Structures are given as structure tokens and as C-alpha cells.
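Below, each chain spelled out in residue letters.
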Amino acid sequence: MLDKTYSPADIEAKWYEHWENSGAFTPSGDSEAEPYMIVMPPPNVTGSLHMGHALDLSLQDILIRFERLRGKDVLWQPGTDHAGIATQMVVERQLDAKGINRRDIGRDAFLEHVWKWKAESGGTITGQLRRLGASCDWSREAFTMDDKRSAAVRKKFVQLYHDGLLYKAQRLVNWDPKLKTAISDLEVEQREIDGHYWHFRYPIAGESGRHIIIATTRPETMLGDTGIAVHPDDDRYADLIGKHVELPLVGRLIPIVADEYADPEQGSGAVKITPAHDFNDFEVGKRAGLEVINILDLHACINDNAPEKYRGLDRHAARKAIVADMEALGLLEKVEPHKHMVPYGDRGGVVIEPWLTDQWYVDAETLAKPAIEAVENGTTNFIPKNWEKTYYEWMRNIQPWCVSRQLWWGHQIPAWYGPGDSVYVAETSEEAYVLAKAEHGDNVSLTRDGDVLDTWFSSAMWPYSTLDWPSENDDLARYYPNATLITGFDIIFFWVARMMMSGIHFMGEAPFKNVYIHALVRDEHGAKMSKSKGNVIDPLEYIEKYGADALRFTLAAMEAQGRDIKLAEKRVEGYRNFGTKLWNASRFCEMNGIGGSPSITPPKAELAVNRWIIGEVAGAAGKVTKALDSFKFNEAADGVYHFAWGTFCDWYVELIKPVFWGEDEAQKEETRAVAGWALDQILVLLHPFMPFITEELWHSTRADRTCDLISASWPVVSSNDVDANATAAVNWVIRMVGEVRSARAEMNVPAGAQVPALITGASDLTKGYVSDLGDMLKRLARLETIDLVDSASTDGAAQIVVDEATVILPLEGVINFATERSRQENNLTKLQKEAGAIRGRLGNEKFVANAPAHVVAEAKVKLDELDATMEKVKAVLARLQ
């Protein structure tokens, strides 16, 4: 017997444990079934569930459960990422709190601490994924630094090296001077600061008294200037191209070059070029053949390539000294305040320096070509399609990928250095020594590269390394390429593109057939969530309060392609109420002897209302299936929601109540069978979205189920089971009831009052509906009688039109027309006053300019609602004349 009230906390943990222990998440092993695999974007081992994860994983689980119910051989591959820099920082902070510095204890001891932390605390995120209901195969859980994945990484590195696609070079990187490592673009955040433009005068060599003025936000980098760039079409500097300036404070002669990077409209139109400390300048320097001079060390202090006066100064102290010295020389033209974006490391929290250093690089340009082609020819599809443009833009302008990091936690680079400049790249030290001995003899000594690989290097292998590549095995052959990838737009560059390049190079084909890019979850006002704003929503709080099912359904219902989600708690609460509605409908069924169906085939039915619901199930199943096949999650959720709440709970349950009040046992048995079957189909359709409550109700409505709902079959209703005539008839009743109820509410007819209905202009079809279903209509619309007439007086009556017929509801004596007219007029006046006030605010340019965007948007929505309500009130007043 179902409990009177629905409590998510009482059922969710129970069913998840049951599914996991019963092996429900493992692939079916059916060789005849179509394979379907999704690889879970591996969350950082340091992480905890946030709302972006909740959306990402809910959508994946919806597809996984949907395809499992469709009979496919489903594999959802879970795992976690070692998160190099993030994990190292966590452990370093813990050691710092104990007065331990990692450099004092050495690499091996430090790594022991990291592995210990990972064993004790690294499973937090996976436990939270279980709370959400993620039905992934935990028996296959992978970790980017477990033994199999580590071996795969070494294999990939060595193969890329021997393929000529991985090399060591000196290039600019994002350098974090606090953490003393190169970091990826993803780990750089741009912050707007109040800075300055310093305008300096550089003397033209050989032309006494003539200068060229440049502006910079980073005066300290002038010590590394090796050129001045002007636009080739800028007539102001045409005679200076090819000449030199004498670099102040340094004395070095540097050339003036022509390059379109210089913007004649920006500042003086002349730009100082510091190839070793600016990414754009580096490219200008390559084009112009300029010298590259690094003037910073790994601490971001001035090094020995600068004049002795500045050596050893921190970059900020050097800036002050240089500005003071330029002013003393009379070479500071002016200083302007200037707001500009400055790159900060998201972990270290300090300003990032473009820094010239030796690093390992992957030839991404070569690898990108077949990855671009795979999307161009439709092998891999982006959904929504507009994200292909973003993918192309980055891939067609791709730069060499810096894959080395100056950290200890991560995949240590499998390269060993020997005498001179010799380097040996191999999967093991033994193999490296074999190579080295062949060149230098048995006594050769090797030193392993101390750097580790960028976390994305191993993540890029995820679709095939999790299938135990490089070993040739059945799973790799069966599940690669994966069917679908679901992820956020922010890592198209960093992860999706690199998986495409890596998968094609090592597996010979693209890793995915479809890449679905989901929305961003914002707060209810549309603002991006951030700790500084205090608007971060913890999904676990909502799960505790409303249940995982409600949160999952909310996210799916709001996931419209190309539109961000404005998440309001009221929506989650509303979908928890949807669960309660379904629970209560199931209790009604239980109390009337309605149980689950023994068959997926619809029962035979004679009653129109039962033939109608079978057709409605077919329609709902078709709509949900089509929407999920098209990755239209909101449409799928909307389809099952309106069918379950509106069609089944609000209408079908009401329509069949008289059957159980009557004496016809055959009709009762038929209705029990059909209702039980229809409820089963709702549970199956809803299961991908709300797995916990549906599994509970599946077993509660029938004790002898032969399988869990998670392993049941997706509804497939034959067109032969759909009765178009029954569908049309019952839908007519529903439309008629809806119109009568609306008219009663608008005219303030007492709820208990039964009124007569006169129908004019009815077709033969409508007359048949009245004859067959009149009793049902009277009960639901609270009508005293229904009469088909040729004409009728409309005085003191409400009129409604349904299809071709007009329905007249005589209300004389039921309501006081004068009183009701006065009430509606007062209501209209109040609405007009409220609407006028909002129009006034929206017409005030100062209000629109200064009010928060969400306040203006809410005011517009409110005004639209008021306008719609006023039109309804005017229609009612017209009826009351």
C-alpha cells in the first residue's frame, strides 16, 4: 500500500543501492543489440557537484536510461580526472598548514601525500553523482592516472613523438609566477582593472630631437623591446619604416617595422614590440625577424638580460623604477587612466606573464585537419549546429599545443636526457636506456624530464583509453566510436576538439557521432552564478529539499537548445508537486483495484474513454521519442509532463470515476486493465527524467513484476490500436468542459451551481457526441441539462463557441448581473491603473537605463500579463451587457 504522502528521501537511496547492486547499470551483453555509449566528462577528483554538473549529468542519464529502455546495449562510462594543478594545490595547502614544504620533502614523498589524499577524499564527487541518480557502470570507473590510463598516455606521447607531431621548442606560454608553471588558457581568467597608459617618447636614431611616441600598460616590458611597429599605410610614419630608435634605459637600437597589427586609430598608431612577453608581439616578431629577448625569470623578476640597475627587481617594483627613470629623462609624454583586461591565474590568483620558455608541444595544426573534415562531412554533428562555427574558428586558427607543466602531480613526461643535447623518448626507462646505450655506451647516465603533462593530454584520450586502448579488445571494437557526447560550450576548445584530434589520429575515426552542447545554468534573474555575487545554487540543497527527481526534471524541462537556463527554486518545487500529483493518481488507481499491466501491448477496449487514452499514450510516446532523438530535452519533458498531469491525472482519472461508481463489472475490469497499462506507460516515459519515483511506483502497482523499471521496454503503440473516432469524441468533451469552466469562472458562477446548457448550430457529429457522452459532459461541467435547440435567447446568458456550435448558458437568477458587472468594472479599473504605472516606468528612459536588466524584463512580462487579463475582463463585460 502506497504511503499517503510522497517523500523522496524515503525512496531514492533505496533504489539507487538496489540498481547498483543488481548490475542494472552494466551493459546488457546482447551482441544483437545496437551498442550505445556515452563517456562521462570526468569531473575533477577535487571537485564537488555544482549545478553545471547536475545539468550535464542529468541530460546524459536521460539519454542513457531512454536508450536502455529501447533495448540498446548501453554503456555509460564513468571516471574522474586527476586535475593536476588543482589537486596539487589542495595537498600543498594541507602540507603548508602543517609547516611542510613540498620541495623540502621531495617529489616522491609529496606524491605519496597526494595519493593518500585521493584515497581518502577523492570520492566525494562520485558519491554525489549517485545522489543525482547517475546510472553509469561504476564497475568500469576509470581515473586518468590509474595504471591502464597511465600506460595509454605514455604510449600516446611516444607515438606522437615518433610521428613527428610532438616536439620540444621555445615559445611563449601563460606563466604563473606564483605556481611557477605554464598553465592552459582555460586556467586564465580575465579581470578588468583600473590601470594606466604610459606614453613614452623613443628617440629616433641619428635624428636629434625627433621621437616616436608609444603607449603601454606594462612599462617594465620595455626592457625587452626589439622593435616598433607602424601600419604600412600610416603616412605619418612612412619615412621612418626601416629606421631605428634608441631604446631608452637600455641603449639598444631597435628597428621600426611595417605591420598591419599596428592600428592607426589606436593611440599614436605606433606599437612597441616585445616578442618575449606578449603573444601578439611574438607573432609580429616572427614576421619581421625581430630578436626575442626574455627579461623575466620564473619568479617574474627582472633577469640578467636587462641593465644591471633593474636586475632582481620584482616586475611591479621594476615598473615604478622604469616610469620614474623615463620621467627623469624627460621621455614620459603623459599618463592616462585606463580600464583594461588583465590575465590572472584562476588557481594562483596572480597576474599571468606571457613567458618564453622551453616546453613540449603537439603539432595541433596537423592533427586538426582531419578533425575539421569530420565535422564538415557530417561524421560528427554538433547540436545545436551553430556551435560548429565556434569549433571551426578555433580549429582553423589553432596554435601549437603546450602540453608540459612544471608540476609534480600528473603524468610525468616519458623523456630522458643524456649527454649533450640528446633526448630519448620511450614508454619506460629501460627502453630509454637501450636507446641511449646504442649511442653512448653502457655507462651512459640519463635524467628524466621533471615536468608532467597537461591534464587535457590524458582527457583527450578518454573515449578510447577508458576502453583499455592500446590493447585490442572486444569493448574497444564495440563501443568506439561513442554515440553521443554531452558537454558545455566552454570546453569545446579544450576538450572536445582535442578528443576529436586524438581519436581520429589513434583510432582512425572520430570519437562521437553527436556532440550536444548544453546551456549555461544561471540564477532566476539570468545572472551568471559566482561566489562573489552570492548567487551560487547548490544542487545538493535542492536534492535534500525536493528530491533528485524534481531537480532533474526541472533542468530537463528548461534545457531548450540555444537558450540558457534561469533557475528558480519555485520551478523545482513545482516539479516536486508534479511527483506528488503522480503519486496521488497512483494511490487512486490502487484504491480502485488498478494495478500494473502484465503486457506492454494495450488491452482490448470498448469504452470510448479507454480507447481515447490508448491513443493519447501513443501520441505522448511518439512526441517524447521524437524529442529525445532530436536532443530536444525540454520538448520531451513537456510532452510527458502534460500527458501525465493533464491528460491522465486531470482528465482520464476524472472521466473514469463514474465507471467505478456504476454496476457494470465488465466496464470496470476493462477500465482497470487500460488504466493500469496507461499508468505503466507513463512510468516508463517518465523514468529517464524521474527514475526514483517511477521505479517505486512501478513495483508498488504490481507485486509480481518480472523486471525493474530501469530494464523495462519503451512504449511502442501500433497505429492499429489508435481509435481516431474515440479520440475526437473525448477531445470534444474536454474542449467543451474547458470552455464552460472558463465561462463560469469569468462570470463568477458559484462552484456548486448547476446551470442548463443550450446548444445551437450543432452538426450531426456534435449531436452524436452529446448523445453518447452527454452524461460525462454534464458531470464534469456541472450542467443541469444539455439541450440541442435551433435558437435561444442570449439575454442574461453567457455564450461560448466550441467548433461549429454555440453553447448558451442561461444565468438569470444564478448570478446578479448588475453586481457582477460592477465587480468586473472595478477589476478593470484596478488593472488599468497598475498597467499604467508600469508603462510609465518603462517609458522613463532613466529608469530603463539604470534599473537592473532583470527588473526591466520582469516589468515587461508583467505588463503583457496585465494586458492579457484586461482583454479577458473586457470580454466578460461584453457578455454582461
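Residues numbered from 1 in each chain as written. Predicted model: local features only at pLDDT ≥ 70, side-chain atom pairs only at ≥ 80, totals over all residues. Heavy atoms only, no water.

## Quick word on the overall build of the chain
Of the regular secondary structure elements, the chain holds 28 helices and 29 strands. Over its C-alpha atoms, taken along the principal directions, the chain stretches across nearly 110 × 70 × 55 Å. Counting only residues that meet the buried cut, the chain has 53% of its 881 residues in that class. Pairs at least 24 apart in sequence give 77% of the contacts found in the chain among residues at least 6 apart. Approximately 38900 Å² of the chain is accessible, and the part contributed by carbon and sulfur atoms is 48%. Separation between the mean location of the 95 positive side-chain charges and that of the 129 negative ones in the chain comes to 4 Å. (Helix = DSSP H or I, 4+ residues; strand = E, 2+ residues; numbered from the N terminus. Buried < 20%, exposed > 50% of the residue type's maximum accessible area, 1.4 Å probe, protein only. Contact = heavy atoms within 4.5 Å. Areas by Shrake-Rupley, 256 points an atom, 1.4 Å probe, with all protein chains shown as cover. Lys, Arg positive; Asp, Glu negative; His and termini not counted. Charge placed at Lys NZ, Arg CZ, Asp CG, Glu CD.)

## Quick look at the sheet that holds strand 11 (residues 253-258)
If you walk across this open sheet you meet the four strands as 10-11-9-12, and the pairing is mixed. With partners counted over all chains shown, the strands left at the sheet margins are strand 10 (244-246) and strand 12 (270-273), one partner each. Going across the sheet, the axis of each strand differs from the next one's by a mean of 30°, ignoring polarity. As defined by bridge partners, strand 9 (residues 227-230) adjoins strand 12 across four bridges and the pair is classed as antiparallel. Bridging from a neighbouring strand, Val230 pairs with Ala270 of strand 12. Here helix 8 (residues 279-288) sits on the sheet and contacts strand 9, strand 11 and strand 12; the angle it forms with strand 12, its principal contact strand, is near 90°. (Pairing = 2+ DSSP bridges. Axes fitted to C-alpha atoms, helices over the stretch in contact; angles between N-to-C directions.)

## Regarding the side chain of Thr216
Turning to its location among the elements, Thr216 is positioned in strand 8 (residues 211-216). The class for Thr216 is buried, based on a relative accessible area of 7%. In this structure the side chain of Thr216 is engaged in a polar contact, spanning 3.0 Å, whose partner is the backbone nitrogen of Arg218. (Polar contact = N/O pair within 3.5 Å; in protein donor to acceptor, adjacent residues only side chain to side chain.)

## Considering the layout of surface pockets
One number sums up the size of the second largest pocket: a volume of about 1200 Å³. As for the second largest pocket, its lining consists of 44 residues, and the residues nearest its centre are Thr216, Thr217, Arg218, Asp278 and His340. Of all elements in the fold, only strand 7 (188-203), strand 8, strand 12, helix 8, helix 9 (315-328), strand 13 (332-345) and strand 14 (353-362) reach the threshold of two or more residues within the lining of the second largest pocket. Broken down by element, the lining of the second largest pocket gets its largest block of residues, eight residues, from strand 7. (1 Å grid on protein atoms, 1.4 Å probe; cavity = no way out; pocket = protein on both sides within 12 Å on 5 of 7 lines; lining within 4 Å. Points joined across faces, edges and corners; volume = space filled by probe spheres on them.)

## A word on the sheet that holds strand 7
In spatial order, the strands read 8-7-13; together these three strands make up an open sheet with antiparallel pairing. The open sheet has two edge strands with one neighbour each: strand 8 and strand 13. Within this sheet the neighbouring strands show an average axis-to-axis angle of 20°, counted without direction. As judged from the six bridges shared by strand 7 and strand 8, these two strands associate in the antiparallel manner. Of the residues in strand 8, the one forming a bridge with Arg201 is Ile213.

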